[in-house]
Number of protein chains: 2
Amino acid sequence: MAIAMNKMSLVQMLHAIEQGEYSAEALIHACFDHIEAREPEVKAWQYQLDRSAYLSHYRDNQSFYEASQLKGLPIGIKDIIDTKDMPTEMGSPIHKGRQPIEDASCVALIRQAGGMVLGKTVTTEFAYFKPGKTQNPADLARTPGGSSSGSAAAVADGMVPVALGSQTAASVIRPAAYCGSIGYVGSRGEYSLRGGQPLAQSLDSLGLFSRYVEDIQLLRAILLRQSASVANANFAAKKPKRILFCRGELVGETSPAMNEAMQALADKLVAQGVEVIELEAGTRLQEMVDHHGNIMAWEVCRNLVLESQQPDLLSAPLKQLIDDGLSMDRETYLSSLKAAEACCDWLWSSNSNIDAVLAPAASDIAPLGHDKTGSPHMSRPWQAMGLPVITLPGMTDDNHLPLGIQLIGKPRTDDELLQVAKWVESLLVKA
Amino acid sequence: MAIAMNKMSLVQMLHAIEQGEYSAEALIHACFDHIEAREPEVKAWQYQLDRSAYLSHYRDNQSFYEASQLKGLPIGIKDIIDTKDMPTEMGSPIHKGRQPIEDASCVALIRQAGGMVLGKTVTTEFAYFKPGKTQNPADLARTPGGSSSGSAAAVADGMVPVALGSQTAASVIRPAAYCGSIGYVGSRGEYSLRGGQPLAQSLDSLGLFSRYVEDIQLLRAILLRQSASVANANFAAKKPKRILFCRGELVGETSPAMNEAMQALADKLVAQGVEVIELEAGTRLQEMVDHHGNIMAWEVCRNLVLESQQPDLLSAPLKQLIDDGLSMDRETYLSSLKAAEACCDWLWSSNSNIDAVLAPAASDIAPLGHDKTGSPHMSRPWQAMGLPVITLPGMTDDNHLPLGIQLIGKPRTDDELLQVAKWVESLLVKA
C-alpha cells in the first residue's frame, strides 16, 4: 500500500516531484485537505495561511519555487520564532497581534531554500508550562505536551511534513514523544537563534519535528548552509556498536508501559548485535533535574523583563518561576551551572566509546486532560548538559498510544547522532 | 578643584541629587551642553534625542524618575541593541530606518530603573570592521576603535556617564582603550542578550562603558535584577594578592609605548605588595587568535542570513568573513571551539590562585585615520574563552594619548574581577 501523500516525508515528496510522480501543488493540496479535516479537533495552528492564499503566493513565485531545493512545500513554525509576515504571539495575551519586523534566521534560511511557511504553530505561554489550545492527535482527550505543542501535533498528524520548535526544558522531546513524531534538539550553540525569542540563554536550543530522520538531516543541512556534497556525506544510517541504556528510574518516575517499551527496544538492539551497556549514574541525573530548574529560573526572569512588568497577564506557574529566579542566590545558580558541566564531563569520560545514550523521552504516554503538558523531568538532565537529542516514535502501549524513546549524543556530534537514529528508526519501523 | 558636572560618575551624580547638591535637570543640562559643544567633531551618536525632547519626556514622567534609582539620568545604547522608540540600524544601509517593536531586555531593565536612553551610539557595520562616522575624542585624527565606537567616545568625552555596547572580538575593550574610558565585557552567558542583534552565539557578550568602576558595578546589579543589599555587598574594592602578567608578545605585536606602560603598572603593583607572576603561555594565546577567527567566521555567516541576501550592501571585509565561514570545514570550526575550551582549562588550572590576568587592551594607542578600527588581536583569546574582562584607562603615551590595559577574570567571576579593578583603578588615578 502506498503511503498517503500527506504522510510522506519531505524527502519523499521532493523525490516524487523530481520523478514527475506528483506535482508540488498536488502535495500542497494533500496537506491542506488533511488540515481542513483535522484542524478543528487538533488545533495545532495559532495562525495559518488558507489554501488560496498559500497557492496564490506559490503561483506568484512559481519559477523560484520550481528551481528551489524545497519546491514550495509547507513547513510549520513555532509561534515563539519571529516571522516578518505573520504575527508571533508567544502564547501570551501580552503579545496579541505582535508583528515582528524580520524573519528569524532559521526561517529566512528555510524560505531561501524554497520552503513555504504555512503558519505558526501553537506554543505554551513563552514556551513554559501554560498550555495552548492544541489536542493530542493520537487521542484528543490527552495533552500534546509542550511547549512546541502545535509543531509536534501538526507533524505527527500529517498536516505538514516538518516544523520548527525550540527546547529549554522538554519542549521538543516531550511533545514529539506524546504525539508520535520525531523531535530533534540541536547541541547547544549549534544553530543561530537570532529571532527566536529567548527564555534561558544557557539552555535554549533550536528543535525540528518530522516523521522521518532523513528530513531532520535535510533541514539541518539547510540551517547550517551546507553544500549538497557536504550534506549528502552525512545522510547515511550508521549501526551503533555500543548503546548506553539509561533506565527511567535514574531520572525520575516512569510507567510500567514505558519501562517495558524501553526493555523491548534494548532487547531488539541486542538481537541485532549491538552491545547495550547499563548506565550507572547513582543520583547524578536526578540531581541534574533540580540543577536544570535552578538555571532556568535564574535566567528566565532576566529574559522576560518586558513581560514581568505585566504580572496580571502572566500565568501563576510563570509568575512563580520568575519569583523563584529573582529570590535565588547567585551561588545557587553558578553551582548548578558547574554541576551540569561536571555531569557532562563525567558522562562522556566514563562512557567515551558509546555511540548514544538510550533513555525514555517521557515518563509515560501523554496524560489525559489539557490543563497541563506533562512532566519535563526526562529531558532536563540532557538539556542542562546541552546535548543533541532525538526522539523516535514507533513504540506504543497496549492502546497504540505513542511511547517515545530518545537517543542522546555527545556535545556537537549531531551528525553522528542522526546517523545512529536513522539506523534505530529502521529497527522501530520493522517492529 | 571639583569635577565638572558632565564628568562625574553616575554614582556621584546620584549622590549629588540625593544630597540636594545638583538637580537631575542640571546634570542632564550639563550632558547636553557638552554634547552640543563636542558632537559635531566626535560624532558619537547615530540617533539622539535633543535637549527639549529629553526634558519634555523627563518632566512628563518626573514623579517616576524622582522615585527611581537612576533619576532620569542619560545613557547611550549601541545601535546594535534594539530600542522600541528609536531606530536600530546596526551600522548598515540594509537597515536604514529599521524600527524594532520592542526594547532589548538590557534596555528595558535600565529604563525600569529610571535610566533614560539619550540616543543610539554609532556602531561599525553589524559590529564587525567597517567604521562608522565617530572620531576619537582624545585625538580627532584617530579612530575611536570599534565596534562600539560611539559608546566609548561618548563616555570618554563626558557626553553621558555610561553606555551599553557588545563584544564578539574586541568591540568593547579596543574602543575603550583607544578613547580612554572603562570598558567591561561580561562573562559569556552572564546577561540576557534578548533584543541585542547576534553576530556569533559562542562569542557575543554584553558590554558596558563608564568612567569609573563603580558605575559598572551599579549597572551590573541592575542588569542582574539584584536587590540593593545583594548589590551593595559586591561594591567593595579588593586588593589582589597575585596578578598574572601577560606580555603583549604572547598574543601579538605591541608597541614600545604599550610595553612600557604595562611594565610601569606591573612595577606599581609590586610596589604595593602585589605578587606579579609572569605568564608562560608558549604559542597558546597566539593560536587562540586564529581559533577565535574561525569560530567567528563560521557563526557570523549563519546569523547574518537576511543580510547576506544583499551582498551589494555589505562591505568587502564582511563579505569576505561570510565567504570564509561558508567555505570552512565544520571540523575546523569544532576544533577551534575545543581549542578555546582547552586553553581556558589550561589557563585556570595552571594559575588557579591568581586574582586576575593583566594584559594590554590593544597593541598601541589608537592608530591615525578613520578607515580602519585597529587590530582586535589583544582581545580575541580572552573572548574565545568567554572570560569577563575590564579595560582601565589611566596609562598614556608621551602625548597623553590613552594606552588601555585590561584585567581578565575566571569565567563567571565578574563580581570579583570588578572588585579587583576598583582597587587597581585607585592605583591608576594616583599615577
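Residues numbered from 1 in each chain as written. Chains lettered and ligands numbered in written order. Predicted model: local features only at pLDDT ≥ 70, side-chain atom pairs only at ≥ 80, totals over all residues. Heavy atoms only, no water.

1. Details of the sheet that holds strand β10 (residues 389–392) of chain B
Residues and elements named next belong to chain B.
Now for step 1: Taken in spatial order, the 11 strands make up an open sheet running β1-β3-β2-β4-β6-β5-β10-β11-β9-β7-β8, and their pairing is mixed. Each edge of the open sheet carries a strand with a single partner, namely β1 (45–48) and β8 (275–278). The mean inter-strand angle of the sheet, taken between neighbouring strand axes irrespective of direction, is 25°.
Now for step 2: Across four bridges, the pairing between β10 and strand β11 (residues 405–408) is antiparallel. Looking at the pairing, valine 389 lines up with isoleucine 408 of β11.
Now for step 3: Helix-sheet contacts for helix α16 (residues 414–429) involve β5 (182–185), β7 (242–245), β9 (356–360), β10 and β11, and the interaxial angle to β10 is about 10°. (Pairing = 2+ DSSP bridges. Helix = DSSP H or I, 4+ residues; strand = E, 2+ residues; numbered from the N terminus. Axes fitted to C-alpha atoms, helices over the stretch in contact; angles between N-to-C directions. Contact = heavy atoms within 4.5 Å.)

2. Considerations on helix α10 (residues 256–271) of chain B
All names here are of chain B.
Now for step 1: In this model, α10 (16 residues) spans 22 Å end to end at C-alpha, consistent with the 22 Å of a helix rising 1.5 Å per residue.
Now for step 2: Taken together, the buried residues of α10 touch β7, β8, β9, β11 and α16.
Now for step 3: Where α10 terminates, the next one or two residues include glycine 273, which has phi positive at roughly 90°. (Expected span 1.5 Å × (residues − 1).)

3. Here's the deal with the sheet that holds strand β3 (residues 116–121) of chain A
Residue and element names in this part refer to chain A.
Now for step 1: Across the sheet, 11 strands lie side by side as β1-β3-β2-β4-β6-β5-β10-β11-β9-β7-β8; this open sheet has mixed pairing. The two strands at the open ends of the sheet, each matched to only one other strand, are β1 (45–48) and β8 (275–278). The mean angle between the axes of side-by-side strands here comes to 25°, regardless of whether they run parallel or antiparallel.
Now for step 2: Sheet topology note: the strand β5 (residues 182–185)/strand β6 (residues 205–210) ladder contains four bridges and is antiparallel.

4. Things to note about the relation of the copies chain A and chain B
Now for step 1: You can overlay chain A on chain B at an RMSD of 0.0 Å; the transform is a turn of 180° with a shift of 0.0 Å along its axis. What we have between these two chains is a two-fold relation.
Now for step 2: Looking at the interface residues of chain A, 98% of them are also at the interface in chain B, so both copies use one shared face. (Least-squares fit on C-alpha atoms with pLDDT ≥ 70 in both.)

5. Details of the pattern of salt bridges
Now for step 1: Within the structure shown, the criterion is met by 40 salt bridges over all chains.
Now for step 2: When the shortest N-O distance is used, the salt bridge between arginine 412 of chain B and glutamate 190 of chain B registers 3.0 Å. Highlighted residues: arginine 412 of chain B in the loop between β11 and α16 and glutamate 190 of chain B in the loop between β5 and β6 (205–210), separated in sequence by 222 residues.
Now for step 3: Each member of the salt-bridge network shares a partner with another, and the members are Glu190, Arg220, Arg412 and Asp415 of chain A together with Arg330 of chain B. (Salt bridge = Lys/Arg side-chain N within 4 Å of Asp/Glu carboxyl O.)

6. Description of a negative patch on the surface
Now for step 1: On the surface, Glu341 and Asp345 of chain A together with Glu341 and Asp345 of chain B cluster together into a patch of negative charge.
Now for step 2: Every element with two or more residues in the negative patch is listed here: α14 (330–350) of chain A together with α14 (330–350) of chain B. (Patch = residues over 30% accessible without salt bridge, like charges linked within 9 Å, V, L, I, M, F, W, Y side chains within 5 Å. Areas by Shrake-Rupley, 256 points an atom, 1.4 Å probe, with all protein chains shown as cover. Lys, Arg positive; Asp, Glu negative; His and termini not counted. Charge placed at Lys NZ, Arg CZ, Asp CG, Glu CD.)

7. Some points on the side chain of arginine 302 of chain A
Now for step 1: Along the chain, arginine 302 of chain A falls in helix α11 (residues 284–303).
Now for step 2: In this structure, arginine 302 of chain A is buried with no salt-bridge partner, the nearest side chain bearing the opposite charge being glutamate 190 of chain B at 8.3 Å.
Now for step 3: Looking at arginine 302 of chain A, its side chain comes within polar contact range of the main-chain oxygen of glycine 325 of chain A, at 3.4 Å.
Now for step 4: Of the polar contacts made by the side chain of arginine 302 of chain A, one reaches the backbone oxygen of leucine 224 of chain B; its length is 2.7 Å.
Now for step 5: Aside from chain neighbours lying at most four places away, what touches arginine 302 of chain A is Gly325 of chain A together with Ser105, Ser192, Leu223, Leu224 and Arg225 of chain B. (Buried < 20%, exposed > 50% of the residue type's maximum accessible area, 1.4 Å probe, protein only. Polar contact = N/O pair within 3.5 Å; in protein donor to acceptor, adjacent residues only side chain to side chain.)

8. With respect to the packing of aromatic side chains
Now for step 1: A full pass over the atoms with the stated rule returns 12 aromatic pairs over all chains.
Now for step 2: Centre to centre, the rings of tryptophan 298 of chain A and tyrosine 333 of chain A are 4.8 Å apart; their planes meet at 10°, and the pair counts as stacked. With tryptophan 298 of chain A in helix α11 and tyrosine 333 of chain A in helix α14, the pair connects residues that are 35 residues apart, well separated along the chain.
Now for step 3: By relative accessible area, tryptophan 298 of chain A is classed as buried at 2%.
Now for step 4: Ring geometry for tyrosine 58 of chain B against tyrosine 65 of chain B: centres 5.6 Å apart, planes inclined by 20°, an arrangement best described as stacked.
Now for step 5: On the basis of relative accessible area, tyrosine 58 of chain B is assigned to the buried category, the value being 3%. (Phe/Tyr/Trp six-rings, centres within 6.5 Å; stacked < 30°, edge-to-face > 60°.)

9. Observations regarding the UniProt feature "domain: Amidase" (unreviewed entry) in chain A
Now for step 1: The sites that carry the UniProt feature "domain: Amidase" (unreviewed entry) are, in the present numbering, residues 27–418 of chain A.
Now for step 2: The span residues 27–418 of chain A is 40% helical and 13% strand by assignment, and the distance between its end C-alpha atoms comes to 26 Å. (UniProt positions renumbered as here; feature names shortened; annotations may be inferred.)

10. Considering the interface of chain A and chain B
Now for step 1: Facing the 45 residues of chain A at the interface are 44 residues of chain B.
Now for step 2: On the chain A side of the contact with chain B, Arg194, Arg225 and Arg330 of chain A bury the most area, a combined 22% of that side's loss.
Now for step 3: Here chain A is connected to chain B by eight salt bridges.
Now for step 4: Between arginine 98 of chain A and glutamate 102 of chain B there is a salt bridge whose closest N-O contact spans 2.4 Å.
Now for step 5: Where chain A packs against chain B, one counts 26 residue pairs in polar contact (both at pLDDT 80 or more).
Now for step 6: Breaking the side of chain A that touches chain B down by element, the ones donating at least two residues are α5 (105–112), α8 (213–223), α11, α12 (305–308), α14 and α16 (414–429) of chain A.
Now for step 7: Class assignment of the residues belonging to the side of chain A that touches chain B gives a composition of 18 nonpolar, 13 polar and 14 charged. (Buried area = accessible area lost by both parts, 1.4 Å probe. Nonpolar A, V, L, I, M, F, W, Y, C, P; charged D, E, K, R; others polar.)

11. Topic: helix α3 (residues 51–60) of chain A
Residues and elements named next belong to chain A.
Now for step 1: Every buried residue belonging to α3 is among Arg51, Tyr54, Leu55 and Tyr58, and all of these are buried. Along the axis of α3, the buried residues cluster in a sector spanning 90°; they form a single face. Summarising the geometry of α3, the exposed residues directed more than 90 degrees from the buried face are Ser52 and Asp60.
Now for step 2: Structurally, α3 contributes buried residues whose contacts are with α2 (24–42), α4 (62–67), β2 (74–78) and β3. (Arc of directions from axis to C-beta.)

12. Notes on the packing of helix α1 (residues 10–18) of chain B against helix α8 (residues 213–223) of chain B
Residue and element names in this part refer to chain B.
Now for step 1: Relative to each other, α1 and α8 sit at 80°, their axes nearing to 7 Å. Here α8 runs roughly perpendicular to α1, going by the angle between their axes. When α1 is examined against α8, the residues Leu10, Val11, Gln12 and Leu14 are found in contact with a partner set consisting of Glu214, Asp215, Leu218 and Leu219.
Now for step 2: Per-class residue counts for the contact of α1 with α8 are five nonpolar, one polar and two charged. (Parallel < 35°, antiparallel > 145°, perpendicular 65-115°, else oblique.)

13. Side note on the packing of α11 of chain A against α14 of chain A
All names here are of chain A.
Now for step 1: Across the interface, α11 lies against α14 with an axial gap of 9 Å and an inter-helix angle of 135°. The angle between the axes of α11 and α14 places the two elements in the oblique class. At the point where α11 passes α14, the crossing takes the left-handed sense. Judged by residue contacts, Arg284, Leu285, Met288, His291, Asn294, Ile295, Trp298 and Glu299 of α11 engage Arg330, Thr332, Tyr333, Ser336, Leu337, Ala339, Ala340, Cys343 and Trp346 from α14.
Now for step 2: Each residue belonging to the contact of α11 with α14 can be placed in one class, and the counts come to 10 nonpolar, four polar and three charged. (Left-handed = near helix turned anticlockwise from the far one by under 90°.)

14. Let's talk about the environment of glycine 97 of chain A
Residues and elements named next belong to chain A.
Now for step 1: Its location among the elements puts glycine 97 in the loop between β2 and α5.
Now for step 2: The class of glycine 97 is partly exposed, set by a relative accessible area of 47%.
Now for step 3: The sequence separation of glycine 97 and aspartate 139 amounts to 42 residues, and the corresponding C-alpha distance is 30 Å.

15. Brief notes about the pairing of β5 of chain A
Residues and elements named next belong to chain A.
Now for step 1: Burial of β5 is two-sided: the residues Ile182 and Tyr184 facing one way and the residues Gly183 and Val185 facing the other way are all buried.
Now for step 2: Across three bridges, the pairing between β5 and strand β10 (residues 389–392) is antiparallel. Bridging from a neighbouring strand, tyrosine 184 pairs with isoleucine 390 of β10.

16. Things to note about the state of the cysteines
Two cysteines whose sulfur atoms are joined by a covalent bond form what is called a disulfide.
Now for step 1: Here the structure, examined in full by the defined rule, presents zero disulfides over all chains.
Now for step 2: Here cysteine 344 of chain A is not disulfide-linked; the sulfur of cysteine 343 of chain A is the nearest cysteine sulfur, at 7.6 Å. (Disulfide = S-S within 2.5 Å.)

17. Regarding the environment of glutamate 278 of chain B
Residues and elements named next belong to chain B.
Now for step 1: Relative to the helices and strands, glutamate 278 resides in strand β8.
Now for step 2: With 80 residues separating them in the primary sequence, glutamate 278 and leucine 358 have C-alpha atoms 9.9 Å apart.
Now for step 3: Among all residues touching glutamate 278, those that are not within four sequence positions of it are Leu244, Phe245 and Arg247.
Now for step 4: In this structure the side chain of glutamate 278 is engaged in a polar contact, spanning 2.3 Å, whose partner is the side chain of arginine 247.

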